[in-house]
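Coordinates in review
The primary structure of each chain is shown beneath.
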Amino acid sequence: YHQAIERSTCLYVGNMSYYTTEAQIYDFFARCGEVKRVVMGLDKFQKTPCGFCFVEYYTQDDTEASIRFLNGMRLDDRQIRLDRDPGFVEGRQYGRGKSGGQVRDEYRTD
């Protein structure tokens with residue numbers, strides 16, 4: 001697991017607005033390098049955005065730069081949180097909370 005994290009070019013992006021678009025994410029993360037793909041987090045029942053996504057770069061250097069420079073910045077009026085991710089696997093785009101979204105969003109007030 002730790003080796004996969006160290007080699008990964010994938011990021012988990014949390015605390016996003018439900019209204020942030022894929023295009024906004026591409027534009028925001030392109031500040032640190034060429035984005036390979038974005039996978040939007042979806043409510044597992046309604047299939048609507050639920051406040052997280054995965055961003056994959058082509059290089060580890062771009063991934064590191066993104067964590068260094070973009071973590072904690074505001075995107076679509078929310079302070080985002082970035083974490084290294086071992087790599088996106090199909091099915092992880094769905095929220096795991098009881099309501100279908102993220103677990104932490106069950107406590108979110110906005």
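Residues numbered from 1 in each chain as written. Predicted model: local features only at pLDDT ≥ 70, side-chain atom pairs only at ≥ 80, totals over all residues. Heavy atoms only, no water.

Helix and strand counts for the protein come out as three helices and six strands. Secondary structure elements of the protein occur, N-terminal to C-terminal, as α-β-α-β-β-α-β-β-β. The burial tally for the protein puts 47% of its 110 residues in the buried class. The long-range fraction of contacts in the protein, counting pairs at least 24 apart against all pairs at least 6 apart in sequence, stands at 69%. (Helix = DSSP H or I, 4+ residues; strand = E, 2+ residues; numbered from the N terminus. Buried < 20%, exposed > 50% of the residue type's maximum accessible area, 1.4 Å probe, protein only. Contact = heavy atoms within 4.5 Å.)

This part covers the confidence of the model for the protein. Across the protein, pLDDT averages 86, with 85% of residues at or above 70. Segment residues 97-103: pLDDT under 50, and 24 contacts once partners within four positions in sequence are set aside and those in other chains are kept. (pLDDT = per-residue confidence, 0-100.)

A complete count under the given rule lists zero disulfides for this structure. With no disulfide partner, Cys-10 has as its closest neighbouring cysteine sulfur the one in Cys-53, 9.1 Å distant. For Cys-10, a relative accessible area of 3% translates into the label buried. (Disulfide = S-S within 2.5 Å.)

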